[in-house]
Amino acid sequence: MSSSDFAPSFRQGVKDIAPVMVAYIPIGLLWGTLAAGKGFTALEAMLTSVFVYAGASQFVAVDMWSAAAPALLLTFTAIVVNLRHCLMSASLSRHIAAVPKGWRYALIYIMTDESWAMAERRASQTGGLSFGYLVGSSLFLWPTWFLTSFIGAALGKSLGDPAAIGLDFAFSAIFITILMGFWKGTRTGAAIIASALAAVAAKLWLPGAWYIMAGGIAGVAVSALLYREGEA
Amino acid sequence: MSELFALHWPWALAIIGMSVATYATRVSGLLLLGGVEVRGRMKAALDAVPVSVMMAVITPTVLMTGRPETITAAIVAVCAYFKLPLLVNIIVGMVCVVTLRHVLGG
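The shown structure was predicted, so the numbers you read here are calculated from the model rather than taken from an experiment.

## Concerning the overall build of chain B
In terms of helices and strands, chain B carries 5 helices and 0 strands. Written out in order from the N terminus, the α and β elements of chain B read α-α-α-α-α. Rg of the C-alpha trace for chain B: 21 Å, well past the compact-globule value of 13 Å for 106 residues, more than 25% over. C-alpha extents for chain B along the principal axes are approximately 55 × 50 × 25 Å. Of all 106 residues assigned to chain B, the portion counted as buried reaches 49%. Counting only contacts in chain B whose residues sit at least 6 apart along the sequence, the fraction spanning at least 24 positions is 42%. Within chain B, one finds 7 positive and 4 negative side-chain charges whose respective centroids are separated by 11 Å.

## Remarks on the interface of chain B and chain A
At the junction of the two partners, chain B supplies 67 residues and chain A supplies 84 residues. At the boundary of chain B with chain A, total buried surface from both sides reaches about 6,500 Å², with 77% on carbon and sulfur atoms. Inspection of the region where chain B meets chain A yields 2 salt bridges. Across the pair R94 of chain A and D47 of chain B runs a salt bridge, and its minimum N-O distance is 3.0 Å. Counting every contact that joins chain B to chain A gives 25 residue pairs in polar contact (both at pLDDT 80 or more).

## Here's the deal with helix α2 (residues 42-51) of chain A
In an α-helix, one turn spans 3.6 residues; hence positions three or four apart end up facing the same way. All names here are of chain A. Burial analysis of α2 places 9 of its 10 residues in the buried class, the great majority of the element. The set of residues buried in α2 consists of A42, L43, E44, A45, M46, L47, T48, S49 and V50. Residue Y53 follows α2 closely and has a positive phi angle near 45°.

## Focus: helix α3 (residues 55-64) of chain A
Turning to α3 of chain A, its buried residues number three or more, namely S57, Q58, A61 and V62 of chain A. Seen from one end, α3 of chain A has its buried residues packed into an arc of 140°, which puts them on one side.

## A look at the domain arrangement of chain B
Entries for chain B in the domain assignment read domain 1 (1-36) and domain 2 (40-106). The straight-line distance from the C-alpha centre of domain 1 of chain B to that of domain 2 of chain B is 30 Å.

## Regarding the packing of helix α10 (residues 170-180) of chain A against helix α3 (residues 49-63) of chain B
Two elements in contact, α10 of chain A and α3 of chain B, have axes separated by 10 Å at closest approach and are oriented at 145°. α3 of chain B is crossed by α10 of chain A, and the crossing has left-handed handedness. Counting all contacts with α10 of chain A, which are made through S172, F175, I176, I178 and L179 of chain A, the residues of α3 of chain B involved are V51, M54, M55, V57, I58, T61 and V62 of chain B.

## Thoughts on the packing of helix α11 (residues 186-205) of chain A against α3 of chain B
Two numbers describe how α11 of chain A lies on α3 of chain B: the axes approach to 8 Å, and their chain directions differ by 50°. In terms of axis orientation, α11 of chain A runs oblique to α3 of chain B. Crossing hand, α11 of chain A versus α3 of chain B: right-handed. For the pair α11 of chain A and α3 of chain B, contact is made by T188, A191, I192, S195, A196, A199, V200 and K203 of chain A and by V51, S52, M55, A56, T59, P60 and L63 of chain B, respectively.

## Regarding the side chain of E120 of chain A
One can find E120 of chain A in helix α7 (residues 113-126). No salt bridge forms around the buried E120 of chain A; measuring N to O, its nearest opposite-charge neighbour R94 of chain A is 5.1 Å away. In this view, E120 of chain A contacts M88, S91, L92, H95 and F182 of chain A together with P50 of chain B; residues no more than four positions away in its chain are not counted.

Rules of the game
- Residues numbered from 1 in each chain as written.
- Chains lettered and ligands numbered in written order.
- Predicted model: local features only at pLDDT ≥ 70, side-chain atom pairs only at ≥ 80, totals over all residues.
- Heavy atoms only, no water.
- Helix = DSSP H or I, 4+ residues; strand = E, 2+ residues; numbered from the N terminus.
- Rg over C-alpha atoms; globule rule 2.2 N^0.38 Å.
- Buried < 20%, exposed > 50% of the residue type's maximum accessible area, 1.4 Å probe, protein only.
- Contact = heavy atoms within 4.5 Å.
- Lys, Arg positive; Asp, Glu negative; His and termini not counted.
- Charge placed at Lys NZ, Arg CZ, Asp CG, Glu CD.
- Buried area = accessible area lost by both parts, 1.4 Å probe.
- Salt bridge = Lys/Arg side-chain N within 4 Å of Asp/Glu carboxyl O.
- Polar contact = N/O pair within 3.5 Å; in protein donor to acceptor, adjacent residues only side chain to side chain.
- Arc of directions from axis to C-beta.
- Domains from an automatic or database assignment.
- Axes fitted to C-alpha atoms, helices over the stretch in contact; angles between N-to-C directions.
- Left-handed = near helix turned anticlockwise from the far one by under 90°.
- Parallel < 35°, antiparallel > 145°, perpendicular 65-115°, else oblique.

Written out as structure tokens, the structure reads:
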């Protein structure tokens, strides 16, 4: 692949993900302040965001954190909270034929819910993902997250309630927007409804983050059941 | 200043465990499906992953929190249907949810 192919799709990826990057700033700051409240130094907060780099499980971890950090319990919880990544990367793997093989294993490390959703949308619109787009739509979210984690922990004190300005809804708005781009008729509606019903049931009756896998698997199962031979 | 940059063993163990767990979940899909040609029912199932996972992630917030969140979600969905830019939808969502929480006392 020549650099002239890489640059335009890289720029498009950066452009598409820019609003998400803005939304990461207050959330990273917030996570840093919560971590500092549990005794993380600023460096520890930043390195957590560098290495774990998973917003949902980092918030859960800080919530569970105690003086003697329960490493095994935190590890198991991280697996449960992040099981959805298995479904996500399985789906994404079909669209990355143009990405050099070694890079796939590096770029999957910095896959987040939001960069993955953006990449899937791109793949559904253009029939595949270029190397440039995958890098552009994911790379800069990473330093945004770990640098704001450092700053938040260094500031140490709470920046106020994010719900007061509606920030707690920002990521729902991001997902709703990307989700609407996938509408391909009533089958899509069936998958969405199945996912929502299963997620509600799991949230009511199961502890922790199982609702994500419950919804994900329900939507996938309904779509597989509704499939008829001979379709595209 | 040195306090900002200190590292502690209990932290390190927990972070190593969580990092390995998180990367394992991320790479698992690539390892399971890497290079496999996917067709038919399997393709239909995988094609449903994006909408299914995204809907499940937002369900507690948009369906199980209160009327302000559910109504705001519907408004953002309409904005998205008319292809408004992502940043606009984020701002619409934040403004609507704050306003409705005040109005509806949610």
